[in-house]
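# Structural overview
Here is what each chain is made of, one letter per residue.
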Amino acid sequence: MIQPQPYEVQVLETPFHSRTAELCKTNEWSTWSGYTTPDVYTNMELEYFAARNTATLFDISPMTKYAITGPDAGRYLDRLLTRDMAKVNPGRVAYGLWCNDAGMVIDDGTVFCLGENDYRLCSQERHLPWLLDSAIGYEVAIEDITAGIAAVSLQGPTSCAVLKAMGFVGIEELKPYAHAEFQLGGHPLMISRTGFTGDLGYELWIEPAGAGELWDRLMEGGRLHGIRPLGSKALDMTRIEAGFIQAGVEFFPGDLSTRPDRLRSPFEIGMGWLVDFEKGHFIGRRALLREKQTGSRHALVGLDIAGNKPAHHSFIFQGRNKEVGIVTSALWSPTCKRNIALASLRTPYDKAHGLWADVYVHREQKWERIKAPCRVVDKQFFNPPRRWATPAGDR
Amino acid sequence: MKTYDAIVIGAGHNGLTTAAYLARAGLDVVVVERQPYIGGATASRELYPGFTYSNCSYVCSLMRPEIMRDLELPRHGLQVIPYDGGVTMTRDGGYIAGYRNHDQNRREIARHSVRDAEAYDYFGAEVMRYCRFIKTMLLTTPPDPASFKPRDLFGLLDVARRFHRLGEEWMYDTIRFWTMSCADFLDQFFESDLVKGHKAGSSIIGTALGPYSPGSAYVLLHHYMGEVDGSIGSWGFPRGGMGAIPGALAKSFQAHGGEIRTGSTVEQIIVKGGRAVGVALTGGVEVMGKTVVSNLDAKRTFIESMAASDLPAEFVHRVKNFKIRGSSGKVNIALDGLPDFPAIPAGCPGRAGDMHVSDSMEYLERGYDDWKAGMWSRQPYLDITLPSMTDPTMVPPGKHFMSVFVQYVPPHLADGEWDDAKRAAFGKTVIDKIAEFSPNFKDLILHAEIRTPWDLENEVGLTEGNIFQGELTMDQLMFNRPVPGYAQYRSPVPGLYMCGSSTHPGGGVMGAPGANAAREILRDMRIKT
Ligand SMILES: Cc1cc2nc3c(=O)[nH]c(=O)nc-3n(C[C@H](O)[C@H](O)[C@H](O)COP(=O)(O)OP(=O)(O)OC[C@H]3O[C@@H](n4cnc5c(N)ncnc54)[C@H](O)[C@@H]3O)c2cc1C
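Residues numbered from 1 in each chain as written. Chains lettered and ligands numbered in written order. Predicted model: local features only at pLDDT ≥ 70, side-chain atom pairs only at ≥ 80, totals over all residues. Heavy atoms only, no water.

## What about the interface of chain B and chain A?
Facing the 22 residues of chain B at the interface are 25 residues of chain A. With both chains or domains summed, chain B and chain A bury close to 2000 Å², and 50% of this area falls on carbon and sulfur atoms. In this structure, the connection of chain B to chain A is made through 2 salt bridges. Among the ionic pairs, A:Glu45 bridges to B:Arg100, the shortest N-O distance being 2.8 Å. If you list the elements that add at least two residues to the side of chain B that touches chain A, you get α2 (65–70) and β4 (80–82) of chain B. (Contact = heavy atoms within 4.5 Å. Buried area = accessible area lost by both parts, 1.4 Å probe. Salt bridge = Lys/Arg side-chain N within 4 Å of Asp/Glu carboxyl O. Helix = DSSP H or I, 4+ residues; strand = E, 2+ residues; numbered from the N terminus.)

So this is what it looks like as structure tokens:
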């Protein structure tokens, strides 16, 4: 694809732009990795509910994508990521994260195993220098292919019904974190059962020339299944309910930091389950082993907070006045009917001695301070069985 | 014979709410329900293959989030989805739509009146003030003004304190508001008759009052005080039909050991030694319990299901005079496709919300005139919704379910009682009216369920078909609901309680009467929660 000169276009359009621009009635857009994408199409709440009730389309084309190939690709990824990649076979997708030598998280992302020694890594931020530097000594090619792939995320309880209506026979048998190849309008189309909403859902990957047709076919297939486009604000609501972390929010990317004390290890953001000490060497292993023995400095927890005012950026206190951490993401969850938050607490914190959030609400020229008691709970606030069921259901 | 800790009569959403709270507190509770299905006025049934109906109530906003949270209803499958749009179509082919976006809504009203477009914000702020005042009272037991118990005195003091905080001017306005007519209230803000007609519908739903009758302004508020996730006044559809509400309540109840017996009609509440000790079912079976809680309306509970000799005469007299006039009907329709409404432009979300055809205040008042004369409104107020547009899972793909709420429909007709022919004629009035606005509508009808007040009384058990188990007028609200001196969920008979919509804060799918009743029962049992 030929990209315009930087002076010609300040912010790029994704391959779905003609479609998303027509549907975006609010004119509220944000820049994501240099591309413009809608914050809200018509109404944030209704878009959120479509994601939880029917099906939604979200343009994920700006996501950073790297092709990782070559005879050492598998070995290389095993070195890069903290989890064991040996079990990730062709047709599978793995969620993982990678660290610097100090065991501090650089980013998280998904790795698609497309074939033997043929992988694709998708992440929020750009990391090519880090990836190339850690590939020294490995026979592997790493290429940024972001602009060459259009992708859209189809999420929600009727998402499988939408794909069936489009004629993708057998799609209901696709397991969570698996992908399969299809054709659409003469273009190869990859469908993976992945997503960022914590519900049943799929991501569809196609060359940019096929993007318009893919979008139209999805909207047509979803007509009777309540499909509507999803803006990034509603998406953020769903990802908090699902308890998913986000780069720049729950952790700061380790390769870009200027304040090393602010970084977080996988254990400190609730991702210890992604660290496999058994598999042999990986970047950050020694530091993480040490941390495992001596203890972590922080913990990322789910909070259930009293009241219904989201505790955005609140300090968390323990007992009378001891500050123990901050809220990273907060939401009144319309589905759980709970006031939820992800919070980073300094360890050890004492569960027994009441935690409370300092919530500020501005009402008609007055700041009101609410000392809202909170409880530590599982951070997967929303995790319906239909997300994991195979064959996938229609509703 | 087994003796339960508590027997709840009726599996309406309030009965189930009470039962679920009691079971959670560790009590052994049984719910006995007359119908083979649960839910009462919140039931969903499949009357046509593949279609989930919302047979009575059809939209939700009043259901208190505190209750959903306490009883973990989301985990048991309940989700309320707010809807977009809403529209009133006019006789001359025009329309006024409602939008969630503030400025979009202002521009829409401005098509009819530029002044009203901006007055809408004033109207909204005024309604908010009253809602804020009343909202905190919903989940509290009304304090008794004639009592000297510290609890009542503190309760009254609290109300008084909050009332004073409104400031002098709003204190006067609030008192006026409680007795005002909807028309007078709307006249303070709006000039366009269409805008007023569009807003006034909420003041007559379920009410034997016209928009010009004093007291109807409060009914408007009753429909605004709900919320879906903090959006005050917004309404939504429960995913899977209204029956998802009793469904989730039942699961929550059963998860704590609760038992539900459907197909069990209570004939009589058994009183022994001045105490309620159980219920006698049709067929002779008796169920014994230390406590009996009635989800039925006040008349069904005290007049139909009890011996008058078990109750004080003055109390019986007051219950007899409890106003419970029916005024509503319902038509539920399975449709083969989406009906066209040519007045609503393509792209306008009107059809996804509540649709109306009452385009002036006069239209509504004339409808009320028919009711007074013992006829159903020849030009009825219709609240038409297509929940399947928001929740396609309640119908086969491409099909639709239409719920039509109808006002005014009398419980007794001037030309003799209801019968099948009159019911059919009533249904025809409604269907013809809709067809005036939708040319392809009649061709799409697969099945229709027509419910008059007579049917609501016989099938749902609502006396006279009154949807709120008693009118929502000032003389029957708060400490006067259902009757003075008995507004705290207790009856004159020890061991017998009330938990239905006949009690504070009244009708609608809100669960508040049920939750409040449970709290009082547990208080009497000295069980801390
Ligand atoms: C047509 C209609 C439309 C409505 N629309 C809405 C709406 O859209 N939104 C809203 O918020 N509210 C609406 N309402 C009002 C709301 O539905 C009711 O106020 C509320 O559901 C009443 O609940 P309840 O639990 O108090 O009583 P009920 O639902 O009346 O429950 C009483 C239960 O007792 C059972 N019962 C009766 N007699 C006996 C007996 N002898 N033995 C055993 N069981 C018995 C009944 O079968 C029933 O299940 C509507 C009501 C009607 C009728």
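## Focus: the domain arrangement of chain B
All names here are of chain B. The domain architecture assigned to chain B consists of domain 1 (3–43 + 60–81 + 241–323 + 468–524), domain 2 (100–233) and domain 3 (324–460). For domain 1 versus domain 2, the separation of C-alpha centres amounts to 28 Å. With 31 residues of domain 1 at the contact, the number on the domain 2 side is 26 residues. Interface area for domain 1 against domain 2, summed over the two sides, is near 2400 Å², with a carbon-plus-sulfur share of 62%. Interface area lost by domain 1 to domain 2 is led by Arg-64, Phe-468 and Gln-488, which between them contribute 22%. (Domains from an automatic or database assignment.)

## A word on the domain arrangement of chain A
Residues and elements named next belong to chain A. According to the domain assignment, chain A contains domain 1 (6–61 + 149–230) and domain 2 (297–395). When each unit is reduced to the centre of its C-alpha atoms, the spacing between domain 1 and domain 2 is 30 Å. Contacts between the two partners involve 19 residues from domain 1, matched on the other side by 14 residues from domain 2. Of the roughly 1400 Å² buried between domain 1 and domain 2 on both sides combined, carbon and sulfur atoms contribute 53%. On the surface where domain 1 and domain 2 come into contact, there are 2 salt bridges. Note that Arg-386 is salt-bridged to Asp-199, the shortest N-O span being 2.8 Å. Contributing elements (two or more residues each) for the side of domain 1 that touches domain 2: α2 (44–53) and α5 (159–165).

## Thoughts on the sheet that holds strand β3 (residues 29–32) of chain B
All names here are of chain B. On the basis of which strands lie adjacent, the open sheet formed by 5 strands has the order β10-β3-β2-β14-β20 and parallel pairing. The open sheet has two edge strands with one neighbour each: β10 (259–261) and β20 (496–498). Direction aside, the axes of adjacent strands within the sheet are offset by 20 degrees on average. Examined bridge by bridge, strand β14 (residues 292–294) and β20 share 3 bridges and lie parallel to one another. Residue Val-292 lies in a different strand from β20, and its bridge partner there is Leu-496. Across the sheet, helix α1 (residues 13–24) is in contact with β2 (6–9), β3, β10 and β14; its angle to β3 comes to roughly 170 degrees. (Pairing = 2+ DSSP bridges. Axes fitted to C-alpha atoms, helices over the stretch in contact; angles between N-to-C directions.)

## Description of the side chain of B:His504
Residue and element names in this part refer to chain B. Within the secondary structure, His-504 sits in the loop between β20 and α18 (512–524). For His-504, a relative accessible area of 4% translates into the label buried. A distance of 3.4 Å separates a polar atom in the side chain of His-504 from the backbone oxygen of Thr-140. Leaving out residues up to four positions away in the same chain, His-504 has contacts with Met-137, Leu-138, Thr-140, Pro-142, Met-478, Arg-481, Tyr-489, Pro-513 and Asn-516. (Buried < 20%, exposed > 50% of the residue type's maximum accessible area, 1.4 Å probe, protein only. Polar contact = N/O pair within 3.5 Å; in protein donor to acceptor, adjacent residues only side chain to side chain.)

## Quick notes on the site of the ligand
All names here are of chain B. Every one of the 36 residues lining the ligand counts as a neighbour, but Asn-14, Glu-33, Ala-41, Ser-501 and Val-509 are closest to it. Between Tyr-58 and the ligand, the recorded distance is 3.1 Å, taken from a backbone N or O atom to an oxygen atom. A distance of 2.9 Å separates an oxygen atom of the ligand from a polar backbone atom of Ile-467. Here the residues of the shell around the ligand are counted per class, giving 16 nonpolar, 17 polar and 3 charged. (Near = heavy atom within 4 Å. Nonpolar A, V, L, I, M, F, W, Y, C, P; charged D, E, K, R; others polar.)

## Side note on the nonpolar core
All names here are of chain B. Membership of the largest hydrophobic core comes to 55 residues, with the highest contact counts inside it found for Phe-123, Phe-185, Tyr-218, Leu-221 and Met-225. The greatest single-element share of this core, amounting to 10 residues, is contributed by helix α4 (residues 114–138). Look past the residues within four positions of Met-225 in its chain and what remains in contact with it is Leu-62, Arg-64, Cys-131, Ile-134, Lys-135, Leu-138, Tyr-218 and Met-510. One finds Val-8, Leu-27, Met-63 and Leu-71 within the second-largest nonpolar core, a separate group that totals 36 residues. (Core = buried A, V, L, I, M, F, W, Y, C linked by side-chain atoms within 4.5 Å.)

## Brief notes about the packing of aromatic side chains
Across all of its chains, the model carries 36 aromatic pairs over all chains by this definition. On the numbers, 6.4 Å between centres and 75 degrees between planes, the contact of A:Tyr360 with A:Trp367 is edge-to-face. On the accessibility criterion, A:Trp367 (57% relative accessible area) is exposed. When the centroid spacing of 5.4 Å and the interplanar angle of 15 degrees are considered together, the rings of B:Trp178 and B:Tyr218 count as stacked. With a gap of 40 residues between them, B:Trp178 in helix α6 (residues 168–179) and B:Tyr218 in helix α9 (residues 216–224) connect regions that are remote in the sequence. A single burial state applies to B:Trp178 and to B:Tyr218, both of which are buried. Aromatic ring contacts, followed pair by pair, group B:Tyr120, B:Phe123, B:Tyr130, B:Phe177, B:Phe185, B:Phe189, B:Phe190 and B:Tyr224 into a single cluster. Across the ring face of B:Trp170, the terminal group of B:Arg129 is positioned such that the distance to the ring centre comes to 3.7 Å. (Phe/Tyr/Trp six-rings, centres within 6.5 Å; stacked < 30°, edge-to-face > 60°. Lys NZ or Arg CZ within 6 Å of the ring centre and 35° of its normal.)

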